Structure formats: C-alpha cells, structure tokens
Amino acid sequence: MSDVMPDRGKIIAVTGKGGTGKTVISTLFVRFLSEVDVPLAIDADPASSLPAALGIEVKRTIGDLREEIARPSAIPFDESMPTDMMLEKKIGELLINTPDFSLLTMGRSEGPGCYCLINDILRHAIDRFSKRFETVVIDCEAGLEHLSRRTMRDVDTLVVVSDPTMRGVKTAGVIKEISDQLEISFDQIYLILNKATDEDRAFFEDKIKEIGIELAGVVPQDENVKAFDRVGKPLIDLPADSPAVLAVREIMEKMKLIGG
Ligand SMILES: Nc1ncnc2c1ncn2[C@@H]1O[C@H](COP(=O)(O)OP(=O)(O)OP(=O)(O)O)[C@@H](O)[C@H]1O
Ligand SMILES: [Mg+2]
C-alpha cells in the first residue's frame, strides 16, 4: 500500500462463465502480485469463495454494511461527520489487512434484498481503494451483473476465464460484446483458457480470435488444485511448481503484470 500515488493503481477484473476458474486464477494473481507489492483482493461474488482460497476468514462484508445502512436506527449516527466520510470510514473497517495483501468482501444481502446499494458501495470502494493500492484484483461473480451495472467501469485489465467448452468461449464473446456496448473502457482484455490442454488451445484459437480477445495462455488441469479444493485448503498455498501456478506466472509475465 502506498500513501503517495500519482493517480490510481491498476484494476484487474476477472470474469467469465460460472465454474470456469475465476477464483483460482484471481487467487494466483494475488499470490504473484504480493511478491512485488501489497495488492487489494476484492471478492465481488455474493457466493464468496475468494476469502477461503486466500486462507482468510471474513467476519464483516459490504452486505453486512448494507444491512446497517438500510436500518439507519442501527447506526450510532455521528452528526459531526458528513455521510460520505462516514461511509468511507465504514468501508475502511471492512478491509482485512495481511502483510501480503488486503481483502474486501462483497458478501450478500440478507433475504431477497436488492443489490443496488451493495453494488453502489462496491463501486465507491473500488474508486476509493484504487487510489491507495498499486493493484486491485477483483474476483467477479459469474454472469454480466457487474458489467451491466458498470461496477467495473474503470478496469485496466479485463481477464475473461473460459474452460475448453464452446459455452465458456461463447460467454467470453458475450462479455466482450457487452463491454463494448456499455463503453466500458479497458486497456487490455485477455482470455485465459483454464483446465485445458494444448489440443484445446488449437481447437479454440480461431474462435477466440474471432471474438476479438487476445489469448493470454492456457492453464492445465492441475491435480493439486483439485486436492486442495477437496479438503478446503487455501489455494494461495499451492506448491510453487504446481502446473497451474507455473502457467499463471507465465501468463502474468505475458500480460506484463509482473516482471519476466
Ligand atoms: N486449473 C485447474 N485445475 C484443476 N481444477 C481446477 C482448475 N481451475 C479450477 N478448477 C476447479 O474448478 C472448480 C471451479 O473453480 P473456481 O471456483 O475457481 O471457478 P469460478 O469461476 O470462480 O466459479 P464460480 O462461478 O462458482 O465463482 C473448482 O472445483 C476448482 O477446484
Ligand atoms: Mg468464484
């Protein structure tokens, strides 16, 4: 974290179809970025699996803060502080700081509540914290929610994760289309083909080119990921020579997110 940054840090958003490996990839991004700096990890999925992958237990989320705000009587209102400053302070209190990275968790609404307020707070948090962190990694929920609500309007690098299925790659195409339509500006958009082989790469290469997304690389099916997830071990602790870890390092070097 740095107090004196000229503008703001780099925002990397990880999107894609459900179950393609967004959380695995986000976790490894955080791991490598934390070797050069202290990145901010944001779990922007109400189903919340990034904290466990990072080995962190979360007690309070943006969802909990929303409940507080939605029930004003529950907040000990400090009249001397403007509302936006109070919100700022409250969001700051949700951050979990470790020596390697910080974490902010979106969480969910209690009951059938709407996500507008949660998404507004999330957008505000991304704006605010990107000024304090050199890099922000956002593990998005599956689907187009954050794109269509423009929660991710200031993304620098959009990473779309796909598995080697036509549905996964088509979803990547829809994400690209929607981003173009909503004029979400990003400097780079990359596709990562996860749980895939070189044959899968050869099969999907042209299709990915057609969509207009650069293929950053292939991450193989990794038995260690499976074994860690089976017992709920934090994926951030995967062995350094694990195939997925090695592949993500190479991909991040190609994307110039870390030095080669
Ligand atoms: N490279 C890999 N090798 C082996 N298993 C993997 C790999 N990547 C992901 N998986 C497995 O695939 C499943 C989905 O991964 P993950 O939770 O990261 O996907 P996701 O896109 O974040 O899912 P969701 O849409 O539910 O958030 C998990 O069981 C994970 O262990
Ligand atoms: Mg996930």
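Above: the structure in question.
Right, let's walk through the structure included here. This one's a predicted model, so the numbers in the text were calculated from it and none came from an experiment.

## Things to note about the overall build of the protein
1) Next: Check the secondary structure of the protein and you find ten helices and eight strands.
2) Next: Relative to the compact-globule value of 18 Å for 260 residues, the protein shows a C-alpha radius of gyration of 18 Å, a close match.
3) Next: Evaluated residue by residue, the protein yields a buried proportion of 51% over its 260 residues.
4) Next: At a minimum sequence separation of 6, the contacts of the protein that also span at least 24 residues come to 79%.

## Considering helix 9 (residues 223-231)
Each turn of an α-helix holds 3.6 residues, which means side chains three or four residues apart point in the same direction.
1) Next: With a side-chain oxygen lying 2.7 Å from the backbone nitrogen of N224, the N-terminal cap of helix 9 falls on D222.
2) Next: Directly beyond the C-terminal end of helix 9, a positive phi value near 75° is found at G232.

## Some thoughts on the nonpolar core
1) Next: L40, I42, L104, F129, I138, M152 and L193 are the most contacted members of the largest nonpolar core, which has 42 residues in total.
2) Next: For this core, the element with the most residues is helix 5 (residues 116-129), which contributes six residues.
3) Next: Within the second largest apolar cluster, 37 residues are counted, among which are A41, L103, V219 and F228.

## A few points about the packing of aromatic side chains
Working definition: an aromatic ring pair is given by the centre-to-centre distance plus the angle between the planes.
1) Next: Considering all chains together, one arrives at two aromatic pairs under this definition.
2) Next: Between F129 and F133, the ring centres sit 6.4 Å apart and the planes meet at 80°, which makes this aromatic pair edge-to-face. One exposure class covers both F129 and F133, and it is buried.
3) Next: Consider the rings of F203 and F204, whose centres lie 4.9 Å apart with planes at 80°: the pair is edge-to-face.

## What about the site of ligand 1?
1) Next: Near ligand 1 lie 18 residues; those nearest to it are K22, T23, N194, D222 and D229.
2) Next: The contact in question runs from an oxygen atom of ligand 1 to an N or O atom on the backbone of V24, over 2.9 Å.
3) Next: Contact with the protein chains hides 77% of the accessible area of ligand 1, taken as 630 Å² for the molecule alone.
4) Next: Those elements giving two or more residues to the shell around ligand 1 turn out to be helix 1 (22-33) and helix 9.
5) Next: Element by element, the count of residues in the shell around ligand 1 is highest for helix 1, at three residues.
6) Next: The residue inventory of the shell around ligand 1, partitioned by class, reads five nonpolar, seven polar and six charged.

## Comments concerning the pattern of salt bridges
1) Next: Within this structure, the stated rule accounts for twelve salt bridges.
2) Next: Across the pair D180 and K176 runs a salt bridge, and its minimum N-O distance is 2.9 Å. Residue D180 and its partner K176 are located together in helix 7 (residues 166-181), separated by four residues, close to a single helical turn.
3) Next: For D180, a relative accessible area of 42% corresponds to the partly exposed category.
4) Next: With relative accessibility at 15%, the residue K176 sits in the buried group.
5) Next: Because the salt bridges share partners, they merge into one network encompassing R60, E68 and K90.

## Things to note about the pairing of strand 2 (residues 40-44)
1) Next: Here strand 2 lies mainly inside the structure; five of its five residues are buried.
2) Next: Burial of strand 2 is two-sided: the residues L40, I42 and A44 facing one way and the residues A41 and D43 facing the other way are all buried.
3) Next: Taken together, the four bridges between strand 2 and strand 4 (residues 102-105) define a ladder with parallel strand orientation. Within strand 4, the position partnered with I42 by the bridge is L104.
4) Next: In the sheet, strand 2 pairs with strand 5 (residues 135-140) via five bridges, with the strands oriented parallel. What sits directly across from D43, in strand 5, is D139.

## Considerations on the sheet that holds strand 2
1) Next: Within the open sheet, the eight strands sit side by side as 3-4-2-5-1-6-7-8. Their pairing is mixed. The open sheet terminates on both sides in strands that have one partner only, identified here as strand 3 (96-97) and strand 8 (214-219).
2) Next: In terms of strand pairing, strand 6 (residues 157-162) meets strand 7 (residues 188-194) through six bridges, oriented parallel. Counterpart to L158 in the pairing with strand 7 is I189.
3) Next: Lying over the sheet, helix 8 (residues 198-211) contacts strand 7 and strand 8, oriented at roughly 160° with respect to strand 8.

About the cut-offs
Residues numbered from 1 in each chain as written. Chains lettered and ligands numbered in written order. Predicted model: local features only at pLDDT ≥ 70, side-chain atom pairs only at ≥ 80, totals over all residues. Heavy atoms only, no water. Helix = DSSP H or I, 4+ residues; strand = E, 2+ residues; numbered from the N terminus. Rg over C-alpha atoms; globule rule 2.2 N^0.38 Å. Buried < 20%, exposed > 50% of the residue type's maximum accessible area, 1.4 Å probe, protein only. Contact = heavy atoms within 4.5 Å. Polar contact = N/O pair within 3.5 Å; in protein donor to acceptor, adjacent residues only side chain to side chain. Core = buried A, V, L, I, M, F, W, Y, C linked by side-chain atoms within 4.5 Å. Phe/Tyr/Trp six-rings, centres within 6.5 Å; stacked < 30°, edge-to-face > 60°. Near = heavy atom within 4 Å. Areas by Shrake-Rupley, 256 points an atom, 1.4 Å probe, with all protein chains shown as cover. Nonpolar A, V, L, I, M, F, W, Y, C, P; charged D, E, K, R; others polar. Salt bridge = Lys/Arg side-chain N within 4 Å of Asp/Glu carboxyl O. Pairing = 2+ DSSP bridges. Axes fitted to C-alpha atoms, helices over the stretch in contact; angles between N-to-C directions.

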